[in-house]
Amino acid sequence: MSAQGRIKCVVWDLDNTLWDGILLEDERVRLRPEMVEVVRRLDERGILNSIASRNDHDVAMRQLADFGVADYFIYPQISWNDKSHSISAVAKLVNIGLDTIAFVDDQPFELAEVGFALPQVLCVPDAEIGARLATPEFTPRFITDESRLRREMYRSAIERDRAEEEYDGANEAFLSTLDMRMTIAPAAEEDLRRAEELTVRTNQLNSTGVTYSYADLDRYRTSPDHLLLVAGLTDRFGGYGKIGLALVETAGEAWRLKLLLMSCRVMSRGVGNVLLGHILGLARDAGRQLEADLVETGRNRLMLITYRFAGFREVRREGQSVVLRADLDRVPEPPAYLTVEYGARS
Amino acid sequence: MSDDTRATIRQFICGRFPSVSISDTDDIFAIGVATSLFAMELVIFVENTFGFQVPNEELEMANFRSVEAIAALVARQSATVAGGTG
């Protein structure tokens, strides 16, 4: 993975790192303003903040709330567990790789424990984190609307997951309680940064594993021989932002679906199939066949399953590169549990 | 073995939808229990539980519609792996 913008989440120690003093020993602890400033700046860049602290959970959460900073941290892990254990838990809950996490602590022992157990994690002593902000690892290529809202989107995701856990019934019935609204529209110029970010951040749900630059995407957006579609999603808990992207080449005898990509955040919402279904319908209405490129990357098998279950059949293969052809007699309607709005080409 | 297979599959599906009663021949997609996403979870479940990778040509929704259909898929694959007559 390239260094640029590699870090997606910074996991913080509390005692003598986020604040001066030891919560359970000292009479009072003092928040370190320079650390809060780092937290705030990370947050603005769309880098998440979390916590791995050996502390009493309730006391520490109360202290964070008293300082007015509790909302900055998602999935805080405050327990007597090893920090490597807590960091693994954060990675799992946020659904990101360990190599996208940085860990900040004042104690060499803790930094060493994490460095030994989880060598992929970037370990940073508290005194150095301020200066590290300027390095490529902590600098996303673009700051998009989605990155600024990322923490909020994770928060609504947490509430949503809680609602789902409490719901005892068929999955589709639960989905229909969410009041999901999906938009599908040709990409506008202001969508391109997020579109590029999606191609870079998404591995599992990318049909070819190819990433596209801003310039590539802008060329496709304005090309008469291509259709670049962007999908967005909201529900009653809030927005998910722009979560899907598709690139169709429309010049040949058969349309060619060069890229289909969905954010992992919406994996359980069935919206990839809705976007695919929309493209099937467009091809059918244009009187063209539809073929899709797929490159088996070892991480994107879900995309192959998506195509196969949507009725695509393999027609050509060279090594890991596959071409699949759609069955246009089988264009699925969007499921009843969400509404779709289609935007016109601008 | 086939009965065991069916029971394992039934247990997985019913475990996910405890409030719905499902027979071995019910089309779980037609009765609105499962979304297309659940179909993918089923693929992963079958592969992890029965220890084979579903070949591309068998990756069809029809093979995952019911407990019966999945059990038939597992039986076909077991026969292939064992070098059986099929």
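Conventions we followed
- Residues numbered from 1 in each chain as written.
- Chains lettered and ligands numbered in written order.
- Predicted model: local features only at pLDDT ≥ 70, side-chain atom pairs only at ≥ 80, totals over all residues.
- Helix = DSSP H or I, 4+ residues; strand = E, 2+ residues; numbered from the N terminus.
- Buried ≥ 20, exposed ≤ 12 C-beta atoms within 10 Å, placed from the backbone.
- Contact = placed C-beta atoms within 7 Å.
- Arc of directions from axis to C-beta.
- Pairing = 2+ DSSP bridges.
- Axes fitted to C-alpha atoms, helices over the stretch in contact; angles between N-to-C directions.
- Domains from an automatic or database assignment.
- Nonpolar A, V, L, I, M, F, W, Y, C, P; charged D, E, K, R; others polar.
- Parallel < 35°, antiparallel > 145°, perpendicular 65-115°, else oblique.
- Left-handed = near helix turned anticlockwise from the far one by under 90°.
- pLDDT = per-residue confidence, 0-100.

Along chain B, the regular secondary structure elements total 3 helices and 0 strands. Secondary structure elements of chain B, listed N to C terminal, follow the sequence α-α-α. Relative to its 86 residues, chain B shows a buried fraction of 30%. For chain B, the proportion of contacts with a sequence separation of at least 24, taken over those separated by at least 6, is 54%.

With that out of the way, let us pick up helix α4 (residues 108–117) of chain A. All names here are of chain A. Buried residues of α4: Glu-110, Leu-111 and Val-114, and no others. Viewed end-on, α4 has its buried residues packed into an arc of 100°, placing them on one side of the element. Those residues of α4 that are exposed and aimed more than 90 degrees away from the buried face are Pro-108, Phe-109, Ala-112 and Phe-116. Looking at the buried side of α4, the elements it contacts are α3 (83–94), β6 (101–105) and β7 (122–125).

Attention shifts here to unusual backbone geometry. All names here are of chain A. Phi is positive for Asn-95, which is not a glycine, with a value near 70°. Following the sequence through the fold, Asn-95 ends up in the loop between α3 and β6. Under the C-beta neighbour-count criterion, Asn-95 is labelled exposed, with 12 such atoms within 10 Å. Of note, the phi angle at Asp-179 is positive, near 55°, even though the residue is not glycine. Judged by local crowding, Asp-179 falls into the partly exposed class, with 13 C-beta atoms found within 10 Å.

Residue and element names in this part refer to chain A. The strand order across the open sheet built from 5 strands is β5-β4-β1-β6-β7, with neighbouring strands paired in parallel fashion. Across the chains shown, the open sheet's two edge strands, defined by having one partner strand only, are β5 (77–79) and β7. Sheet twist, expressed as the average angle between the axes of neighbouring strands with direction ignored, equals 20°. With 4 bridges joining them, β6 and β7 adopt parallel strand pairing. Each residue of the ladder has a partner; that of Asp-105, found in β7, is Pro-125.

It is worth spelling out the domain arrangement of chain A at this point. All names here are of chain A. The assigned domain composition of chain A is domain 1 (9–138) and domain 2 (145–342). The C-alpha centroid of domain 2 is placed 34 Å from the C-alpha centroid of domain 1. Its residues placed into classes, the side of domain 1 that touches domain 2 shows 3 nonpolar, 2 polar and 3 charged.

Before going further, it helps to examine the packing of α3(A) against α4(A). Residue and element names in this part refer to chain A. Running from amino to carboxyl end, α3 crosses α4 at an angle of 60°, the nearest separation of the two axes being 8 Å. Comparing their axes, α4 and α3 come out oblique. The two elements α3 and α4 cross, and the hand of that crossing is right-handed. Across the interface between the two elements, Lys-83, Ser-84 and Ile-87 from α3 touch Glu-110, Glu-113, Val-114 and Ala-117 from α4.

Residue and element names in this part refer to chain B. Per-residue confidence for chain B averages 83 on the pLDDT scale, and 86% of its residues sit at or above 70. Across chain B, helix α3 (residues 67–81) holds the top mean pLDDT of 90, while helix α2 (residues 36–50) sits lowest at 84. The ipTM assigned to the predicted complex is 0.83, against a pTM of 0.71.

What follows is about the packing of helix α8 (residues 192–201) of chain A against helix α9 (residues 214–222) of chain A. Residue and element names in this part refer to chain A. Contact pair α8 / α9: the axes reach a minimum separation of 9 Å and the direction vectors enclose 120°. As judged from the angle between their axes, α8 and α9 are oblique. Read as a crossing pair, α8 and α9 show a hand that is right-handed. Along the contact surface, α8 presents Leu-192, Arg-193, Ala-195 and Glu-196, while α9 presents Tyr-214, Leu-217, Asp-218 and Arg-221. Here the contact of α8 with α9 is composed, by residue class, of 4 nonpolar, no polar and 4 charged.

Looking now at the sheet that holds strand β12 (residues 289–295) of chain A. Residues and elements named next belong to chain A. Spatially, β13-β14-β12-β11-β10-β9-β8-β15 is the arrangement adopted by the 8 strands of the open sheet, whose pairing is mixed. The open sheet has two edge strands with one neighbour each: β13 (313–318) and β15 (338–342). Recorded for the sheet is a direction-independent mean angle of 25° between the axes of neighbouring strands. As judged from the 10 bridges shared by strand β9 (residues 226–235) and strand β10 (residues 238–249), these two strands associate in the antiparallel manner. Looking at the pairing, Gly-232 lines up with Lys-242 of β10. Where helix α11 (residues 301–309) meets the sheet, its contacts fall on β11 (254–262), β12 and β14 (321–325), and the angle it forms with β12 comes to roughly 160°.

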